[in-house]
Amino acid sequence: MKNIVNKLKKSDFADKITLILAMLLLLVLFGSLNRNYVTFANIINILIACSLTGFVAIGETNLIIAGQNDLSAGSVAACAGVLAALLSRAGMPMPVALLAAVAAGCVVGAVNASLVTFLKLQPFIATLATMSVVRGLAYILCDGKAVGISDKTFIRMGTYRLFGVLPIPVLVLLITFIVFGILLSKTYFGRSIYVLGGNTYAARLAGLNPTRIVFKLHIMESGLAAFAGVLLAARMNSGQPQACDGLEFDAITAAVLGGTAFTGGVGTIFGTFLGMLVLQSFKTGLNMVGVPTFWQQVAQGCLLVVALSFDFYRKHTRDKHALAESMAARNAAAPKAKG
Amino acid sequence: MLHSVEFRHISKFFPGVKALDDISFLAESGQVYAFLGENGAGKSTLLKILNGDYQPDAGEYLINGQAIHFSTPKEAIAHGVSVIYQERQVLLDMTVAENIFLGDWPKKMGGMVDAELMRRRAAEIAARFGLDISPDTKVGTLSIAHQQMVEIMKAVNRNSNIIAFDEPTASLSDSEIDILFQIIRQLKEEGKVIFYVSHRMNEIAQVAQKVIIFKDGQLVDVVDQATTSEDEMIRLMVGRSLGDIFNELPRSASRGEPLVEVKDLTTPYVSGISFTAYRGEVLGFAGLVGAGRTEVMRALFGLDPVYGGTITVEGKAVQPRSPAQAQALGFAMVPEDRKMQGILPNISVRGNITISMLKSLLNKWGFLMESKEEEIAQREIRELNIKTPNSDKLISQLSGGNQQKVILARWLETHPKLLILDEPTKGIDVGAKAEFYRIIAECARRGMAVIVISSELPEVIGLSDRILVMREGRISGEVMRSGFSEETILKYAMTDISK
């Protein structure tokens, strides 16, 4: 156990100190501006708001580490919400509607992966196309009108609170974060994601199967997006075709805030978790202290730039240390080479 | 006009390290000075002081007898110092003329770029060096060699009188190297001071007059290229000669059982390839670049389609269709292009070592056993003498030789029966080469079948027990160790025997 704690200290926590400080700063700042900000109810509210972005951010993190990305997540979430609502209205029980919608999401993921691996399209371009197609399908499915949900079980999935406090979406989100955190850092599959992000061809020569990994990642991401979309529909009592617009960008923002590098190979699920918290706390905070919506958008962009500047500065000083370290090691090892 | 560069007692320290220790020499117009030394000997630090990237901690730097101090590379450029790097710094989507004037485009009245002047100057420079490069060509459409020429044109256009080349031939073909050398000679004739950094002894012999030899941050000697033998230079920089190194290799007395038999193998690139690799034997593949040696190995490793022929491993017919399947058969391949095909750049040294055997490091729950992984990494770092502060270091931050050792370690950890090494010491300094030779010989002695592709004849001769020579996609000859000579191998490798 102590070992685990030490490891966390060494890697993630130390690395994420900026984000943790930012989080505390936000709590102090908004807490002093609005006394309702640092309350249990509000923190739960922030977590509920996170649940939509969070699922997608997990998938995006995986993809970005592997050198991929996905712009279609918002469309998939909306379409899945509409589909689940339609199925529910047609009399299907909640689990069937949920699974069918997630399965449909997975199909979109498989399509994305096919475009990327077989047609060799850039992930950005491939998913830009599916983003449009799937959004269109969402509108077509329901003829452009929101689909109301009356099934009580379905609605409870979005609104029921465990022990009266912990909403189901938040619980599931936390579990998903833990599962993917372990998957990424402790398993063979996780390692192969990092490997893929650097150099696909070298990964293949090292004995990996890049095509299969890319398929799995896109299917996971779209499945997660669909699941988030269904949860949102449950919370809203309806599937709405215009929902989740720009969801993928919030998710990517959370991942990047959390230290995921767009060049691939770098990032952690824990980082994304913090990134998501910072992003949502910031948004909720701005709302609660009455910053106008348009200015909120400006502020969100600035947050990203400021956070990344900090990161850049820290990396810069770290690289300097690393250089000195490696020169020292080389000198220490040099006498051996002579013999 | 004559130019000179002088370093007087230059030293450069990094925390805990003396990167350069009291370096003094004078370089003058009309000579090409080669920098020779192992990685970490101080060559690149010196280049960085030359071009103003680093500032010396002690000593004087003089150009044309005047002490100078550069605080940025830009100031060095203004004083006529240009360094041409291995990685080309050209913009592929811009024209030749635009690249030559990069960052300093001439302006007409009103601030518009003077495209006509740029084009004229570019054409002049191209004509002066007899280069067939049009000013309006997009640089991205040029061959790599010509892109490098554009860099040189850029240096000439800045009126640089001191030009340093940092491993310029790493990605050039033989004929392209000839063009480069012609240009370097012309620059020399024009009175420039030329520095040339390379690991390739034969290039230094062709182009340099003086060789400045570094070892561990110190200047060992400045010798005349013409009167100093290659072996002597290697001895100065490493402490021993290549001949000794090859003679001391551990060799098995006799080869073992046949391991891999290839019969009439035909792919899109090679045809009628038949040979047997034996346990305990180093089998060399010689031949010119493009003769099909790499392609034979690609077929064995499941990378190229096989049209005909058979591959058997220990008597069983096999058909590897992917590197993963080849690995399962006990094959391992250290590829030729370390950067594109070997290293996983974003991953730690540890991750790079263990990736191909990682599946055997899973516990019953499917989780990686990290302490075991670290043990393996530490063992390889120790055994192959990989110079890295720790196993967490990103592999891309190591020197080329150490990266190559990591790739080799990766494959040794899969406990291969057949180890294929494609140009294993390309671009690696002589000291690390010697280590590689020992490791390769040791692998064979321990019972692996080892195949080494090498374009360097002394290397393939010194290392192999038997050599197959390829020419134009076919095996053109087989030579046993007793019959090794450069002439015999060249005779089989060249179409034109008269050479």
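Calculation criteria
Residues numbered from 1 in each chain as written. Chains lettered and ligands numbered in written order. Predicted model: local features only at pLDDT ≥ 70, side-chain atom pairs only at ≥ 80, totals over all residues. Heavy atoms only, no water. Helix = DSSP H or I, 4+ residues; strand = E, 2+ residues; numbered from the N terminus. Buried < 20%, exposed > 50% of the residue type's maximum accessible area, 1.4 Å probe, protein only. Contact = heavy atoms within 4.5 Å. Areas by Shrake-Rupley, 256 points an atom, 1.4 Å probe, with all protein chains shown as cover. Rg over C-alpha atoms; globule rule 2.2 N^0.38 Å. Lys, Arg positive; Asp, Glu negative; His and termini not counted. Charge placed at Lys NZ, Arg CZ, Asp CG, Glu CD. Salt bridge = Lys/Arg side-chain N within 4 Å of Asp/Glu carboxyl O. Pairing = 2+ DSSP bridges. Axes fitted to C-alpha atoms, helices over the stretch in contact; angles between N-to-C directions. Parallel < 35°, antiparallel > 145°, perpendicular 65-115°, else oblique. Nonpolar A, V, L, I, M, F, W, Y, C, P; charged D, E, K, R; others polar. Core = buried A, V, L, I, M, F, W, Y, C linked by side-chain atoms within 4.5 Å. Buried area = accessible area lost by both parts, 1.4 Å probe. Polar contact = N/O pair within 3.5 Å; in protein donor to acceptor, adjacent residues only side chain to side chain. Left-handed = near helix turned anticlockwise from the far one by under 90°. Patch = residues over 30% accessible without salt bridge, like charges linked within 9 Å, V, L, I, M, F, W, Y side chains within 5 Å.

On to the overall build of chain A. Scanning chain A from terminus to terminus reveals 14 helices and four strands. Looking at the 339 residues of chain A, the share that counts as buried comes to 51%. For chain A, restricting intrachain contacts to residue pairs at least 6 apart in sequence, the fraction spanning at least 24 positions comes to 79%. Carbon and sulfur atoms make up 69% of the accessible area of chain A, which amounts to about 15700 Å² in all.

This brings us to the overall build of chain B. The number of helices and strands found in chain B is 18 helices and 20 strands. Taking 2.2 N^0.38 as the reference for a compact globule, 499 residues should give roughly 23 Å; the C-alpha atoms of chain B span a radius of gyration of 25 Å, in line with that estimate. Each of the three principal axes of chain B carries a C-alpha extent, and together these read 75 × 55 × 50 Å. Among the 499 residues that make up chain B, the fraction classed as buried is 54%. Per element, the accessible surface of chain B, about 21200 Å² overall, is 49% carbon and sulfur. Side chains of chain B give 56 positive and 65 negative charges; the mean places of these two sets differ by 4 Å.

Let's shift gears to the pattern of salt bridges. Residue and element names in this part refer to chain B. In total, this model carries 30 salt bridges over all chains according to the counting rule given. Among the salt bridges present, the one from Arg8 reaches Glu60, with a minimum N-O distance of 3.6 Å. With Arg8 in strand 1 (residues 4-14) and Glu60 in strand 4 (residues 58-63), this pair connects stretches of sequence that are 52 residues apart. Its relative accessible area of 36% is what places Glu60 among the partly exposed residues. Through salt bridges with shared partners, a single network forms among Arg255, Glu281, Arg466 and Glu478.

Attention now goes to the pairing of strand 4 of chain B. Residues and elements named next belong to chain B. Pairing analysis gives five bridges linking strand 1 to strand 4, with the strands arranged antiparallel. When the sheet's bridge partners are listed, Phe7 is paired in strand 4 with Tyr61. Sheet topology places strand 4 next to strand 5 (residues 66-67); two bridges connect them, and they run antiparallel. Across the sheet, Ile63 pairs through a bridge with Gln66, a residue of strand 5. Connecting strand 4 to the antiparallel partner strand 5 that follows it, the hairpin turn spans two residues, and Asn64 within it adopts a positive phi of roughly 50°.

Moving on, we come to the packing of helix 3 (residues 40-65) of chain A against helix 11 (residues 210-236) of chain A. All names here are of chain A. Running from amino to carboxyl end, helix 3 crosses helix 11 at an angle of 175°, the nearest separation of the two axes being 8 Å. Compared by their axis directions, helix 3 and helix 11 come out roughly antiparallel. Seen from helix 3, the contacting residues are Ile48, Ser51, Leu52, Phe55, Val56, Ile58, Gly59, Glu60, Asn62 and Leu63; seen from helix 11, they are Leu217, His218, Met220, Glu221, Leu224, Ala225, Phe227, Ala228, Leu231, Leu232 and Arg235. Partitioning the contact of helix 3 with helix 11 into residue classes produces 14 nonpolar, four polar and three charged.

Residue and element names in this part refer to chain B. With six of eight residues buried, helix 1 (residues 43-50) lies mostly within the body of the structure. All buried positions along helix 1 are accounted for by Lys43, Thr45, Leu46, Leu47, Ile49 and Leu50. Following helix 1 by one or two positions, Gly52 adopts a phi angle in the positive range, close to 85°.

One finds Phe165(B), Phe275(B) and Leu418(B) to be the most contacted residues of the largest nonpolar core, which totals 220 residues. By residue number, the principal contributor to this core is helix 11 of chain A, which donates 14 residues. By size, the runner-up hydrophobic cluster in this structure holds 32 residues, among which are Phe7(B), Val17(B), Ile162(B) and Ile212(B).

Further remarks concern the interface of chain A and chain B. Many analyses report the size of an interface as the accessible area lost when the parts associate. The interface of chain A with chain B comprises 39 residues on the first partner and 50 residues on the second. Buried surface at the junction of chain A and chain B, summed over both partners, amounts to about 3500 Å²; 60% is from carbon and sulfur atoms. Its largest share of buried area at the contact with chain B, chain A owes to Tyr188(A), Arg191(A) and Leu205(A), together 20% of the area lost on that side. Applying the counting criterion to the chain A and chain B interface returns two salt bridges. Remark: the boundary between chain A and chain B carries eight residue pairs in polar contact (both at pLDDT 80 or more). Elements with a contribution of two residues or more to the side of chain A that touches chain B: helix 1 (2-15), helix 8 (168-186), helix 9 (188-198), helix 10 (200-205) and helix 14 (293-338) of chain A. The element that contributes the greatest number of residues to the side of chain A that touches chain B is helix 14 of chain A, accounting for 15 residues. Classifying every residue of the side of chain A that touches chain B gives 19 nonpolar, 11 polar and nine charged.

Right, let's talk about the packing of helix 4 (residues 73-89) of chain A against helix 5 (residues 94-117) of chain A for a bit. All names here are of chain A. One way to put it is that helix 4 packs onto helix 5 with a least axis distance of 8 Å and a crossing angle of 145°. Considering the relative orientation of helix 4 and helix 5, their crossing is right-handed. Contacts between helix 4 and helix 5 pair Val76, Ala80, Leu83, Ala84, Leu87 and Ser88 from the former with Ala97, Ala100, Ala101, Ala104, Gly105 and Val108 from the latter. Counted by class, the contact of helix 4 with helix 5 contains 10 nonpolar, two polar and no charged residues.

Now for unusual backbone geometry. Unusually for a residue other than glycine, Asp143(A) sits at a positive phi of about 60°. Topologically, Asp143(A) is positioned in the loop between helix 6 (123-142) and strand 1 (147-148). Given the relative accessible area of 57%, Asp143(A) is considered exposed. At Asp264(B), a position not held by glycine, the phi torsion is positive, near 50°. Along the chain, Asp264(B) falls in strand 11 (residues 258-266). We classify Asp264(B) as partly exposed; its relative accessible area is 48%.

To continue, consider a nonpolar patch on the surface. All names here are of chain A. A cluster of nonpolar side chains, Leu119, Leu121, Phe124, Ile125 and Leu128, forms an exposed patch at the surface whose accessible area comes to about 450 Å². With respect to the helices, strands and loops of the structure, Ile125 is situated in helix 6. For Ile125, a relative accessible area of 45% gives the class partly exposed.

Neighbouring strands of a sheet are bound in pairs by backbone hydrogen bonds; such pairs are parallel or else antiparallel. Residues and elements named next belong to chain B. The strand order 12-11-14-15 describes an open sheet built from four strands, whose pairing is antiparallel. Every other strand in the sheet has two partners, leaving strand 12 (273-278) and strand 15 (316-318) as the edge strands with one partner each. Taken pair by pair, the neighbouring strands of this sheet meet at an average axis angle of 25°, ignoring direction. Pairing of strand 11 with strand 14 (residues 308-313) involves five bridges; the strand directions are antiparallel. Its bridge partner being in strand 14, Thr266 is matched across the sheet by Gly308.

Another aspect to go through is the sheet that holds strand 6 (residues 81-84) of chain B. Residue and element names in this part refer to chain B. Pairing is mixed across the open sheet formed by six strands, whose spatial order is 6-7-8-3-9-10. What marks the edges here is a single partner per strand, and that holds for strand 6 and strand 10 (218-224). The mean angle between the axes of side-by-side strands here comes to 20°, regardless of whether they run parallel or antiparallel. Pairing of strand 3 (residues 32-36) with strand 8 (residues 193-197) involves four bridges; the strand directions are parallel. When the bridges of strand 8 are listed, Phe35 appears paired with Val197. Seen against the sheet, helix 1 touches strand 3, strand 6, strand 7 (162-166), strand 8 and strand 9 (210-215) and runs at an angle of roughly 135° to strand 3. Packing of helix 5 (residues 144-157) onto the sheet brings it into contact with strand 6 and strand 7, and relative to strand 6 it is tilted by some 175°.

What follows covers the environment of Ser185(A). All names here are of chain A. Here Ser185 is to be found in helix 8. A relative accessible area of 40% places Ser185 in the partly exposed class. In this structure, the C-alpha to C-alpha distance between Ser185 and Ser150, residues 35 residues apart in sequence, is 41 Å. A distance of 2.9 Å separates a polar atom in the side chain of Ser185 from the backbone oxygen of Gly181.

On to the side chain of Arg350(B). Residues and elements named next belong to chain B. Within the secondary structure, Arg350 sits in helix 13 (residues 349-354). With a relative accessible area of 18%, Arg350 lands in the buried category. A polar contact of 2.6 Å, which involves the side chain of Arg350, links it to the side chain of Asp392. When sequence neighbours within four positions are dropped, the list of residues in contact with Arg350 reads Glu373, Glu374, Ala377, Ser391 and Asp392.

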